[in-house]
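Below, each chain spelled out in residue letters.
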Amino acid sequence: MDGSVPDPSAPLQDGTSAPPAPLRVLYVDDDPALGRLVQRQLARLGFEVVLAGSGEEGLALVAAERFDVVALDHYMPGQDGIATLRAIRALDRPPPVVYVTGAQDGRLAVAALKAGAADYVVKEVQADFIELLRAAFVAAVEQVRMRRAHEAAEAEIRAARDRFEALATERALLLREMNHRVGNSLQIIVSLLNVQASATEDARVKEALNAARNRVSAVAQVHRRLYTSDQIATVALDQYIGSLLDDLQVSAHRDHGGITITLDADPIHIDPDRAVAVGIIATELVINAMKYAYPGGEGAVRVALKRQGERIDFAVEDDGAGMGAQMGAGMGAGKAAPKAAESGAGPSTGLGTRIVRAMSTKLGCEPTLDARATGTCVRLTFRLAEHG
């Protein structure tokens, strides 16, 4: 390997690459005869060697000119090698320094390495001294090149990470704004449905409009949670269902007297689309229970949301008479029990059941109806993540 390094300049006009530039070496030694010998021998190997006779002179040259590597003797009048080495290392982007010591000065070599020298060579006026210098110069320059390439790669990685984080932040803001606007639009629809329900005297129309309002509200609340939360990829399902049930409880007190809705839920985070499906199912099942389970207007509707490993167990149950008949007729659980008809609830339209089935399909599961002597329990078990 000679004393040249690749030239980063552009290709020549004939299309060939520029020849490698010679390594530029500063040799600092107060022995002028040895310096000239080193200069001649290294020049034959392709190095460009500049001589300095003292530490002060060498430091001034390094500060003023570009050198690929510096060879630095220890014993010099005035500023010795260690002091000069430290001064060179304090410069901006200093060249690597190869320390030159006497054969008996191993302790000085260690001190030089601790002070930042890239390597050291024992000074002997023999042919292998020049070869050792040449090898040390090439190794030191290559070490610097590799370190700078590593630093450049790390800087690019940091810049790429910063760009990614900026894009992620911008995306989060855009998604939050989108959810805000969607949530507001859905809330306007909820308000319009409320107005229409209040304006009609037809009980069946009022009931249909209120049901539509509750379904839209279940979707709107997910978007409201997404733009008011730091999390944009998941929804706290337990909190979301709890809020939906709070709204339904207000409706229960207004329309169904003493029906009480309770929730027993584990902390669970889930993607927004699946949260919407669970929310709509919860809304349909709870409203169905409030309408048909308790003809007397009093009773409990219990909702459970439990995590079982990577699956979620979701159930809505009551202790009344009507819910099993209504859901059983719609979900193929057998003939409807006569309790609903006897209570005056009337036959189910089946729309709620179809909605529950559609949302269950979205969750990758089927609703099941637990057979009980009293009351009804509708249960769904589905994966926490959509895939896996």
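Residues numbered from 1 in each chain as written. Predicted model: local features only at pLDDT ≥ 70, side-chain atom pairs only at ≥ 80, totals over all residues. Heavy atoms only, no water.

What should I look at first to understand the packing of aromatic side chains in this one?
Any two aromatic rings considered together are summarised by their centre-to-centre distance and by the angle between their planes. Applying the stated criterion across every chain yields a total of 1 aromatic pair. Both rings, one in Phe47 and one in Phe137, keep their centres 6.1 Å apart while their planes meet at 65°; by these two values the pair is edge-to-face. Of the two residues, Phe47 is situated in the loop between helix H1 (32-44) and strand S4 (48-52) and Phe137 in helix H5 (residues 127-199); the sequence distance between them amounts to 90 residues. For Phe137, a relative accessible area of 0% translates into the label buried. (Phe/Tyr/Trp six-rings, centres within 6.5 Å; stacked < 30°, edge-to-face > 60°. Helix = DSSP H or I, 4+ residues; strand = E, 2+ residues; numbered from the N terminus. Buried < 20%, exposed > 50% of the residue type's maximum accessible area, 1.4 Å probe, protein only.)

I would appreciate a short explanation of the packing of helix H3 (residues 81-89) against helix H4 (residues 106-115) in the present structure.
As a packed pair, H3 and H4 sit with axes 10 Å apart at the nearest point and diverge in direction by 15°. Classified by the interaxial angle, the pair formed by H3 and H4 is roughly parallel. In this structure, H3 crosses over H4, and the sense of that crossing is right-handed. Every residue of H4 that contacts H3 at Ile82, Leu85, Arg86 and Arg89 is listed here: Leu108, Ala111, Ala112 and Ala115. (Axes fitted to C-alpha atoms, helices over the stretch in contact; angles between N-to-C directions. Parallel < 35°, antiparallel > 145°, perpendicular 65-115°, else oblique. Left-handed = near helix turned anticlockwise from the far one by under 90°. Contact = heavy atoms within 4.5 Å.)

Sorry, what's going on with the pairing of S4 here?
Look at any regular strand and the pattern is simple: side chains alternate between the two faces of the sheet. The sheet contact formed by strand S3 (residues 24-28) and S4 spans 5 bridges and is parallel. In the strand pairing of S4, Val25 is matched with Val49. In terms of handedness, the path from S3 via H1 over to S4 forms a crossover that is right-handed. (Pairing = 2+ DSSP bridges. Right-handed = clockwise from strand over helix to strand, strands pointing away.)

Hey, could you run me through the packing of helix H8 (residues 272-292) against helix H11 (residues 351-363) in this one?
When two helices pack together, their arrangement is captured by the angle between the axes and the distance separating the axes. Where H8 contacts H11, the axes come no closer than 9 Å and their chain directions differ by 155°. By the angle class used here, H8 and H11 are roughly antiparallel. The two elements H8 and H11 meet at a crossing, and its hand is left-handed. Each of Asp273, Arg274, Ala277, Val278, Ile280, Ile281, Glu284 and Leu285 in H8 lies in contact with H11, whose residues at this interface are Gly352, Ile355, Val356, Met359, Ser360, Lys362 and Leu363.

Please explain the environment of Gly58 as it appears in this structure.
For Gly58, the position within the fold is in helix H2 (residues 55-64). Among the residues examined, Gly58 registers a relative accessible area of 1% and is labelled buried. Taking C-alpha positions, Gly58 is 8.8 Å from Val70, a pair spaced 12 residues apart along the chain. Each residue touching Gly58, except ones within four places of it in the same chain, is listed here: Leu26, Val28 and Ala52.

Just checking my understanding: could you explain the sheet that holds strand S9 (residues 258-265) for this structure?
Whenever strands of a sheet pair, they do so through backbone hydrogen bonds, lying parallel or antiparallel. Reading across from one edge, S9-S11-S12-S14-S13 is the order of the 5 strands in this open sheet, with mixed pairing throughout. Two strands in the sheet have a free side with no partner beyond their single neighbour: S9 and strand S13 (368-370). On average, each strand axis in the sheet is inclined to that of its neighbour by 15°, with strand direction left out of account.

Hey, could you run me through the sheet that holds strand S7 (residues 119-122) in this one?
Ordered by their spatial adjacency, 5 strands build an open sheet running S4-S3-S5-S6-S7, and the pairing between neighbours is parallel. Each of the sheet's edge strands pairs with one partner strand only, and the pair in question is S4 and S7. Strand-to-strand twist across the sheet, computed as the mean angle between neighbouring axes with direction ignored, equals 20°. Inspection of the sheet shows strand S6 (residues 97-101) paired to S7 by 4 bridges, in the parallel sense. Pairing of Val98 across the sheet is with Asp119, part of S7. The strands that H1 touches are S3 and S4; relative to S4, the one it contacts most, it runs at about 170°.

I would appreciate a short explanation of the nonpolar core in the present structure.
As a rule of thumb, soluble globular proteins bury nonpolar side chains together. In this structure, Leu237, Tyr240, Ile241, Val286, Phe314 and Phe382 are the most contacted members of the largest nonpolar core, which totals 43 residues. Listing elements by their share of this core, those giving two or more residues are helix H6 (203-228), helix H7 (237-255), S9, H8, strand S11 (298-308), strand S12 (311-318), H11 and strand S14 (376-383). Here the element with the most residues in this core is H8; it accounts for 12 residues. Filtering out sequence-adjacent residues up to four positions away, Val286 remains in contact with Leu245, Leu248, Ile261, Val301, Val303 and Val316. Counting residues in hydrophobic clusters, the runner-up holds 21 residues, among them Phe47, Val69, Ala71 and Ala140. (Core = buried A, V, L, I, M, F, W, Y, C linked by side-chain atoms within 4.5 Å.)

What is the right way to read H4 from this model?
Because each turn of an α-helix spans 3.6 residues, side chains separated by three or four positions end up pointing in the same direction. For H4, the complete set of buried residues consists of Leu108, Ala109, Ala112 and Ala115. Taken down its axis, H4 places every buried residue within 125° of arc, on the same side. In this structure, H4 carries Arg107 and Lys114 as exposed residues pointing more than 90 degrees from its buried face. (Arc of directions from axis to C-beta.)

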